[in-house]
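# Architecture at a glance
Spelled out from the first residue to the last, the chains are:
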Amino acid sequence: MKNRGIKRQLIGTVVSDKMDKTAVVQVERLVKHTLYKKYIRRRNNFAAHDKDNSCGIGDRVLITESKPISKRKRWRVSEIIEKAV
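These lines cover the structure that appears in this document, whether it is placed above or below. Nothing here was measured: the structure is a model prediction, and the numbers come from that model.

A few words on the sheet that holds strand β1 (residues 9-16). Pairing is mixed in the closed barrel, where five strands are placed in the order β1-β2-β3-β5-β4. Shown here is a sheet whose adjacent strand axes are inclined to one another by a mean of 50°, direction ignored. When β1 meets strand β2 (residues 22-32), the two strands line up antiparallel, connected through three bridges. In the sheet register, Thr13 faces β2, and the bridge partner there is Gln26.

If you want it as structure tokens, here you go:
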């Protein structure tokens, strides 16, 4: 049974804004290695819908899970937490 009504939210950094109304957001997380118990950085890139084209490279943004918008876009930019300098 899926969680209905609860949408995942992630914080990441914009790595590309070249597409129209789309930002590529890189989300970094720490994962503990099962054998060596050392923390490893894992990165994932998500294509997020940016309806106003307001994101720039280096911005910290909050993205929210949504219904599929296109072939690769399943996230929306909810808010810009911090603008890049």
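Moving on, we get to the nonpolar core. Counting eleven residues, the largest nonpolar core is built from Val14, Ala23, Val25, Val27, Phe46, Ala48, Cys55, Val61, Ile63, Trp75 and Val77. Only β2, β3 (39-49), β4 (60-65) and β5 (73-82) provide two or more residues apiece to this core. When residues in this core are grouped by element, the largest group, three residues, is from β2.

On the surface, a cluster of positive charge is made up of Lys7, Lys51, Lys67 and Arg76. One can find Lys51 in the loop between β3 and β4.

Across eleven bridges, β2 lies against β3 in antiparallel orientation. Counterpart to Val24 in the pairing with β3 is Ala47. As consecutive antiparallel partners, β2 and β3 are separated by six residues, and within that stretch Lys37 has a phi angle of approximately 60°, a positive value. The pairing of β3 with β5 spans three bridges and is classified as parallel. When the sheet's bridge partners are listed, Ala48 is paired in β5 with Trp75.

Conventions we followed
Residues numbered from 1 in each chain as written. Predicted model: local features only at pLDDT ≥ 70, side-chain atom pairs only at ≥ 80, totals over all residues. Heavy atoms only, no water. Pairing = 2+ DSSP bridges. Helix = DSSP H or I, 4+ residues; strand = E, 2+ residues; numbered from the N terminus. Axes fitted to C-alpha atoms, helices over the stretch in contact; angles between N-to-C directions. Core = buried A, V, L, I, M, F, W, Y, C linked by side-chain atoms within 4.5 Å. Buried < 20%, exposed > 50% of the residue type's maximum accessible area, 1.4 Å probe, protein only. Patch = residues over 30% accessible without salt bridge, like charges linked within 9 Å, V, L, I, M, F, W, Y side chains within 5 Å. Areas by Shrake-Rupley, 256 points an atom, 1.4 Å probe, with all protein chains shown as cover. Salt bridge = Lys/Arg side-chain N within 4 Å of Asp/Glu carboxyl O. Lys, Arg positive; Asp, Glu negative; His and termini not counted. Charge placed at Lys NZ, Arg CZ, Asp CG, Glu CD.

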